Structures are given as structure tokens and as C-alpha cells.
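Residue strings, one per chain:
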Amino acid sequence: MSHNLQVPPPFYCVYLLRSVSKPNSYYIGSTPNPYRRLRQHNGELSVGGAYRTKKTGFRPWQMTMVVYGFPSKIAALQFEHAWQHFYQTRHIPLEKRLGSKSSSTVHLRIANVKLLLAAAGFVRMGLRVAIFQKHIYDIWVTNKYNVAVPESVLLTLDFQQNQDKLIEGGNYDQIKVFVETLAAEEDKVFEKSVEKLENNDLRQCSICNQVVDPVDHAPCFCVNDSCQALYHAECWANDMLKDSESPADSTSPMIPIKGRCVECTKLNWWWPTVKNSMRVYQHSNQAIK
Ligand SMILES: [Zn+2]
Ligand SMILES: [Zn+2]
């Protein structure tokens, strides 16, 4: 029985823009390329600017936070739509809804993104949040509406280049570095995984001890550089689901959020693992042709 793996997109995020000239104005969007998208919003690229951000007096916009790690583009689009329409989304149960169509302060926007991160439809995706502006982080921490963020949501803060006065236009460098750093981390895990596969003649699954043939299966690797553990996707998924931090639920009973490597106990996240696994699988199959 082989695990039917769904391939996550390379990168897709939902973002919150804030107007530099009208700092109480915000805009929610989604993109596979936040650097290019921000330039479009600010009119620095001639095509593709979103209509609402073209209005006079609002540019330049800065990207203040992103939600990422979506297992599919569709999931990102659903999250974007739900965040934009928080007052009516089916993802937030009626009794938990905050604010209305006419009241969308930044406190409400942040409260609603937290409600969505905790929503049944999204909580199992292992989503991550990066905040680029101190103002937004303060609102996140103040937590005016007292919404709990799931423990599984990884939060990254990056304010280093973000003194508002220093950035006249968009925070391009910050966004660029963020995306490039993520890609570099993924490349490193990928290269290490290929190396581990090449150096491991036995190719035994650390759970069932059977061979993981990289042509038949997409092998999964531990993110720990020095750990040689190798897994069948299904074996590891089942093992991760035994973890109380990542319990199975009825909406996606076969998909864990995260779990520990049985060899080195390092924490591994399911969707990044799958993404890397598919990359190695494609690489191995190309190498054979
Ligand atoms: Zn196995
Ligand atoms: Zn390990």
C-alpha cells in the first residue's frame, strides 16, 4: 500500500499590506512571489497591480506579515478569501466570529487571522507566520480579542530593516531575503537528502525495516543534517499520528502535523517533509532515465 502524496507548491503565502501614507489602511492578498507582488502593488511593475491598492494616496504599501506553508495553492486562496471575509466565512463558527463587514480594525484583522489559524479547516496544515513590522507584532501580542494561536503555528519575527522612516517605499529587501532564506533552507535539506540516499546502500525504513526503493516510493528524510534516518511516507505518517501533539482527526485522518524522528528525536513538520520527499523522488527518477 503506498501513500498517495500530494505535492505542495514551492511557496505560496497570504499577506497583509499596510499603507505607509495612510497607516490605518490594510489590504489582504495572496501570491507565490511576494517580492514581485509587492512591487506590483506599489506600481513599480507595469502589469498586475491589484485594483484596490492603486487608489491614489495609499502607496507605497509595505508587507507587514505573511502566512505560509500551505499544502496547495487552493488552500492559500481559501485562507485569503476567509481572512478578507472574516465576518461571513464558514471557517469561523458563528459563535466565534468577531467584527462585521463595516468594522475591520487591525486588531480585528489580527484576531481573525488567529481564528483562522486555529480553524478546523486550516489547523492541520502546519501553517507558519512571519511578521515584518513591530506595529503588527505589538497588536499580535496585545491580543485584544483574546484569541489563542495553536501551539503548532511557528512564528518568525524579522524587524531588523524595518524602521518605518528608513524605508521610503516597500520593504522589498526584507521580503526578498525572507523568501530566499526559506528557499536556501529547503535546498540544503534537499541536497543533504540526496547525499543520504546515495550514501545509504541498505535504504531501510527506520520504522518497518523494509527497503525504501526511491523509484517505487518517495522516501522521507529527517531534517537533521547528521541523521541518516529514512522512512516510507506512510510509515512515518502513521508514527507521527501516534504523537499526542499531532492527533488524527476526522477531516484528514491520514495526515499528521508534525512528529519526532525515531532515530534522533528531532522535530519534523509533515508538509515540508513531503515537499522535500517529492523533490528527491523526482530527482532520483530523473537520474535513472
Ligand atoms: Zn516503512
Ligand atoms: Zn532524525
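Whatever comes next refers back to the structure up there.
Quantities reported herein were computed from a predicted structural model and do not represent experimental measurements.

### Concerning the coordination of the zinc ion (ligand 1)
Looking at the zinc ion (ligand 1), one finds its protein donor set to be C205 (SG), C208 (SG), H232 (ND1) and C235 (SG), positioned 2.1 to 2.4 Å from the metal centre. For the zinc ion (ligand 1), all donor residues lie on one chain, and their spacing in sequence is C-x2-C-x23-H-x2-C. Pair noted here: C205 is in the loop between α5 (172-199) and β6 (220-221) and C235 is in helix α6 (residues 233-241), with a separation of 30 residues, a long-range link. An identical accessibility class is assigned to C205 and C235; each is buried.

### Things to note about the coordination of the zinc ion (ligand 2)
Each protein donor to the zinc ion (ligand 2) is listed here as C222 (SG), C227 (SG), C261 (SG) and C264 (SG); together their distances run 2.3 Å. Coordination at the zinc ion (ligand 2) comes from four donor atoms whose angles at the metal span 100 to 115 degrees, giving a geometry best classed as tetrahedral.

### A closer look at the packing of helix α3 (residues 106-117) against helix α4 (residues 134-142)
Between α3 and α4, the least distance of the axes is 9 Å, while the angle of their chain directions is 65 degrees. Between α3 and α4, the angle falls in the class roughly perpendicular. Handedness of the crossing formed by α3 with α4: right-handed. Every residue of α4 that contacts α3 at V106, H107, I110, V113, K114 and L117 is listed here: H135, I136, I139 and W140. Of the residues assigned to the contact of α3 with α4, the class counts are seven nonpolar, two polar and one charged.

### Some thoughts on the pairing of strand β1 (residues 13-19)
The buried fraction of β1 amounts to seven of the seven residues, a majority that puts the element mostly inside the structure. Burial along β1 is two-sided: C13, Y15, L17 and S19 facing one way and V14, L16 and R18 facing the other are all buried. Both β1 and strand β2 (residues 26-31) contribute to a ladder of six bridges, which runs antiparallel. Residue Y15 lies in a different strand from β2, and its bridge partner there is G29. Of the strand pairs in this sheet, β1 and strand β3 (residues 61-68) are connected by seven bridges, and their pairing is antiparallel. Looking at the pairing, C13 lines up with Y68 of β3.

What counts and how
Residues numbered from 1 in each chain as written. Chains lettered and ligands numbered in written order. Predicted model: local features only at pLDDT ≥ 70, side-chain atom pairs only at ≥ 80, totals over all residues. Heavy atoms only, no water. Donors = N, O, S within 2.8 Å, 3.2 Å for Na, K, Ca; no water. Helix = DSSP H or I, 4+ residues; strand = E, 2+ residues; numbered from the N terminus. Buried < 20%, exposed > 50% of the residue type's maximum accessible area, 1.4 Å probe, protein only. Tetrahedral: all angles 85-135°; square planar, octahedral: opposite > 155°, others 65-115°. Axes fitted to C-alpha atoms, helices over the stretch in contact; angles between N-to-C directions. Parallel < 35°, antiparallel > 145°, perpendicular 65-115°, else oblique. Left-handed = near helix turned anticlockwise from the far one by under 90°. Contact = heavy atoms within 4.5 Å. Nonpolar A, V, L, I, M, F, W, Y, C, P; charged D, E, K, R; others polar. Pairing = 2+ DSSP bridges.

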